[in-house]
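Each chain, letter by letter, is given below.
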Amino acid sequence: MSLVKIGFFSLKDHTGCSSFAIHAANYIAGGDNSVAVIEPDTVLEPQYADVQVEKNEDGSFEFNNIHFYPQGCMTEPTEDILIYDFGKVTIFQKFDNSYDMLYLCTSGDISNISDIGEYLTESNAKCELILSGASKEEFQEFKNNGYTCIAVSDKKEMVCPYDLAVKLGLTLRRKGIVDPVYHKDWTYDALPFKKEEIKEEKKGFFGSLFGKKKKDKKAEESIPVQNPPVKTEPEGEEAGLAEEKYHVKANEFGSFDDFEDVPAPEIAVELSKKEQRAAEKAAEKKKKQEEERRKKEEAEAKAKAEAEEKEKARQEELKRQEELKKAAEEEARQKQLKEQAEKELAEKKKAEEEAARQAELKKQAELKKKQEEERKKKETAEAAERARQKAIDEERRKKEKEETEKQKAIEAERRKKEKEEAAAKAKEEAEKKKAEEEARRKEKAEEDARLKAEREAERQKKLEQQKREHEEKMAKLQAEREEKLAEQKAKKEQLRMEREEKAEMKRLKKETSEKPSLKELIKMPKFSDKNHGRARKLKNNFSGHISVFVTSFRHGCGASYTAGSLAVALANRYNREVYIDRADNNASLPDDYLVKAIGTEEDRFEAYKSGLIVYDRGPYENVKANAVDNSDMLRADLNIMTVTYEDLGNVAKFISEEENQAYDWLFVFNHVTDKERQKDIEAAMDGYSILFLPQHDFSAVTGQLQKDWNSVIDTMVNKF
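Treat the numbers as computed from the prediction; the structure is a model and nothing was measured.

Calculation rules
- Residues numbered from 1 in each chain as written.
- Predicted model: local features only at pLDDT ≥ 70, side-chain atom pairs only at ≥ 80, totals over all residues.
- Heavy atoms only, no water.
- Buried < 20%, exposed > 50% of the residue type's maximum accessible area, 1.4 Å probe, protein only.
- Helix = DSSP H or I, 4+ residues; strand = E, 2+ residues; numbered from the N terminus.
- Pairing = 2+ DSSP bridges.
- Core = buried A, V, L, I, M, F, W, Y, C linked by side-chain atoms within 4.5 Å.
- Contact = heavy atoms within 4.5 Å.
- Phe/Tyr/Trp six-rings, centres within 6.5 Å; stacked < 30°, edge-to-face > 60°.
- Lys NZ or Arg CZ within 6 Å of the ring centre and 35° of its normal.
- Salt bridge = Lys/Arg side-chain N within 4 Å of Asp/Glu carboxyl O.
- Expected span 1.5 Å × (residues − 1).
- Arc of directions from axis to C-beta.
- Axes fitted to C-alpha atoms, helices over the stretch in contact; angles between N-to-C directions.
- Patch = residues over 30% accessible without salt bridge, like charges linked within 9 Å, V, L, I, M, F, W, Y side chains within 5 Å.
- Areas by Shrake-Rupley, 256 points an atom, 1.4 Å probe, with all protein chains shown as cover.

**Structural notes on the pairing of strand β9 (residues 546–552)**
Among the seven residues that make up β9, seven are buried, leaving the element largely enclosed by the rest of the structure. Along β9, one buried face is formed by I546, V548, V550 and S552 and the opposite face, lined by S547, F549 and T551, is buried too. Looking at chain direction, β9 and strand β12 (residues 612–619) are connected through six bridges and run parallel. Looking across to β12, one finds that V550 is bridged to D616.

As structure tokens, this is what we get:
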């Protein structure tokens, strides 16, 4: 059974319907599902039967990993995805609801909007439009009319358009199918359709050189033959002027042998300059008049020829129209005669059929009458035979009844005796079975009572042991918490005193100087300074309790990313399960089998057993507003503030507000890879514990980053 059905159709020719259907099939064939292109029986101009490939017995064929089913193929498609190529459809074409998507292929001409609206109103079809070669304005006009559409180029390329591939991918994903990977350079081979014979003459320069055009005899007869213009010899003075063009002077040897076919030179007559100019003007004027006369005669001759040609064409057209009229009249007369002959033949045939029918009815009536007489005779004979047989049967039944009653009496006596014996035997067996069942039930009840007592004793014993262990663990944890809270209280008191002293010094300094810079404001000792003891390496088998609270000034700084990275580092260091207590909307866990999330109370109990907990409870302001989260942050062994380069202002404000309490915070800078910025941060944060977190997969913490986290972990553990 197919998983997806997609249809392509159009309302006009040459809109690329089949091309888009084949584009879609080739794109889907690049995935993991089989695909077929089907040419329905409603297609007006089928074309897939003309493809020049090896076909199966049913007429179907395969090309580019696509199974094609041309029109008339009786085999039922079995592919996962079916592409239906309807081609140009009429306004009466209907589509059922079995199609997952229908595409109407059209050009971007906005004049098509009314035709499309009329069809969709008539057919009530649900489809999207594929606009070929549409401009931005045309595309927007279609969208303004409420159509869902995509615009594709009208170039003939053997690759599926990207926008169409995206639409197909959405359709596949809605059906739970992984869409194929799209690449604009993945082209495919075109279907080898049967080439039509070239009927038109080759045109252009090479067509006139290499193509021989057959002469159309009728066309040749219809073109009037024009005689070539006759070249006339000039006369009189014109002849003299023409001859002057060939006058040459003799060469230096006084010979003209090199100028054959050239008229001999005339002897020049000496004229005055004035006479020469008058003669030249007269000759030029005469020449101009002759030229105008010649052009006029040529134009008149040309107009006359064109008029004769038009008249001849008109006469031929009238003649052709007359012939067509006569042919039409003759055809109509022949048609009328044919219809009259067919009508007479039909009437004659109808009369013959009526006569035959009457004869058949008469014959059937006679046969029916004869059969009725035979039936009556047969029924009389059968009634006599039945009466005789009835008497015989009556006698036989009477004897059988007497014999049956006799046998019934014997059988009743026998059954009564057997019933009494069976009742006695059944009663004896029932009593025996009841005694055995009672003994088994009693034995089973005793066994069940014993097993239940043993299980209950075992369960009570286990519960008491778990309760003792839990109470011991909770007492130990409570003692550790109280001890830690006492230490924190003492430390806070000390910090409060230092804070008051600092505040006083700050107030005095503020009175005599301007506002301090960021570097001066956050000048505090680092964890590794002498105020907090020197870091030292511990063994990897540390079995104590470590809790780290990770937060940030805002969302998007990578606090969850930092928490996951630290959790993996703790798991790598101690090879123990590390639990992350996350807010509901925070990021997912790293892919590490030792890192787990706290989701239930049972998980929380297991987390306290493990002793390694990383809190990821969202932004700092949210944590301060939540009493439980704030309590967890105050009790944590280490507080980490995840920041970016843009958060330096928030860092300064935080340190100003927290003062000495900022000593216990580790500031992890995320997304800071520029060396110059790192130097600026180190200068500004001089005296505080900072860590630059590189870009990495937080499921795989290795190398220098693992060493940096180990240093942080060792410094934190040294407090214990």
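Next comes the rest of the description.
**Section: the nonpolar core**
Within the largest apolar cluster, 36 residues are counted, with the highest numbers of intra-cluster contacts made by I6, F8, I83, I130 and L164. It is helix α1 (residues 17–29) that contributes the most residues to this core, nine residues altogether. Excluding residues that lie within four positions of it along the chain, I6 makes contacts with I28, L82, I83, Y84, Y99, M101, Y103 and L168. Among the nonpolar cores identified, the runner-up in size contains 31 residues, and I546, A569, L638 and V717 belong to it.

**Here's the deal with the packing of aromatic side chains**
Scanning the model with the defined rule gives 21 aromatic pairs in all. Summarising the aromatic geometry, the rings of F654 and F667 are spaced 6.2 Å apart at their centres and angled 80° between planes, so their arrangement reads as edge-to-face. Of the two residues, F654 is situated in helix α14 (residues 648–658) and F667 in strand β14 (residues 665–670); the sequence distance between them amounts to 13 residues. Cluster of aromatic residues (ring-pair linked, three or more members): F9, Y84, F86, F95, Y99 and Y119. Directly above the ring of F61 sits K55, whose terminal nitrogen or CZ lies 5.5 Å from the centroid. In this structure, R677 packs its charged tip against the face of Y645, placed 4.3 Å from the ring centre.

**Describing the pattern of salt bridges**
Enumeration over the complete set of coordinates arrives at 39 salt bridges. R441 is paired through a salt bridge with E437; the nearest N and O atoms lie 4.0 Å apart. Remark: E437 and R441 occur in helix α8 (residues 273–512); sequence separation between them is four residues, near one turn of the helix. Residue R441 is classed as partly exposed on the basis of its relative accessible area of 47%. Between D581 and R604 there is a salt bridge, with its nearest N and O atoms 3.1 Å apart. Here R604 lies in helix α11 (residues 601–610) and D581 lies in strand β10 (residues 578–582), a separation of 23 residues in the sequence. One network of salt bridges, with partners in common, ties together E411, R414, R415 and E418.

**Points about helix α2 (residues 112–123)**
With 12 residues, α2 should cover 16 Å at 1.5 Å per step; its first-to-last C-alpha distance of 16 Å lies within 8% of that length. Burial in α2 covers these residues: N112, I113, I116, G117, Y119, L120 and S123. All buried residues of α2 project into a common sector of 165° when viewed along the axis, lining one side. In this fold, the buried residues of α2 make contact with β1 (4–10), β6 (101–107), β7 (128–132) and α3 (136–144). Looking at the residues trailing α2, positive phi occurs at N124, about 60°.

**As for the sheet that holds strand β2 (residues 35–38)**
Spatially, eight strands are ordered β3-β4-β2-β5-β1-β6-β7-β8 in an open sheet, and the strand pairing comes out mixed. The sheet terminates laterally at β3 (61–63) and β8 (149–152), the two strands that pair on one side only. Going across the sheet, the axis of each strand differs from the next one's by a mean of 25°, ignoring polarity. Sheet strands in contact with α1 are β1, β2, β4 (66–69), β5 (81–88), β6, β7 and β8, and its direction is about 170° off that of β5. Across the face of the sheet, α2 comes into contact with β1, β6 and β7 while running at roughly 150° to β6.

**Looking at the sheet that holds β14**
Backbone-to-backbone hydrogen bonds pair the strands of a sheet. The strands run either parallel or antiparallel. Taken together, the seven strands give an open sheet; going across it, the order is β11-β10-β12-β9-β13-β14-β15, and neighbouring strands pair in parallel fashion. Across the chains shown, the open sheet's two edge strands, defined by having one partner strand only, are β11 (595–597) and β15 (690–693). Direction aside, neighbouring strands of the sheet carry axes that sit 25° apart on average. Pairing of strand β13 (residues 638–643) with β14, which is carried by five bridges, proceeds in the parallel orientation. Pairing of M641 across the sheet is with F667, part of β14. Each of β9, β13, β14 and β15 touches helix α16 (residues 703–717); the most contacted strand, β15, lies at about 155° to it.

**Brief notes about a nonpolar patch on the surface**
Among the surface-exposed residues, Y162, V166 and L170 lie close enough to one another that they form a single nonpolar patch of about 270 Å² accessible area. Relative to the elements of secondary structure, Y162 occurs in helix α4 (residues 162–174).

**Comments concerning unusual backbone geometry**
Glycine aside, residues mostly have negative phi, and peptide bonds are mostly found in the trans state. You will see that N65, though not glycine, has its phi angle at about 65°, which is positive. For N65, the position within the fold is in the loop between β3 and β4. The phi torsion at H671 lies on the positive side, around 60°, for a residue other than glycine. Structurally, H671 can be placed in the loop between β14 and α15 (675–684).

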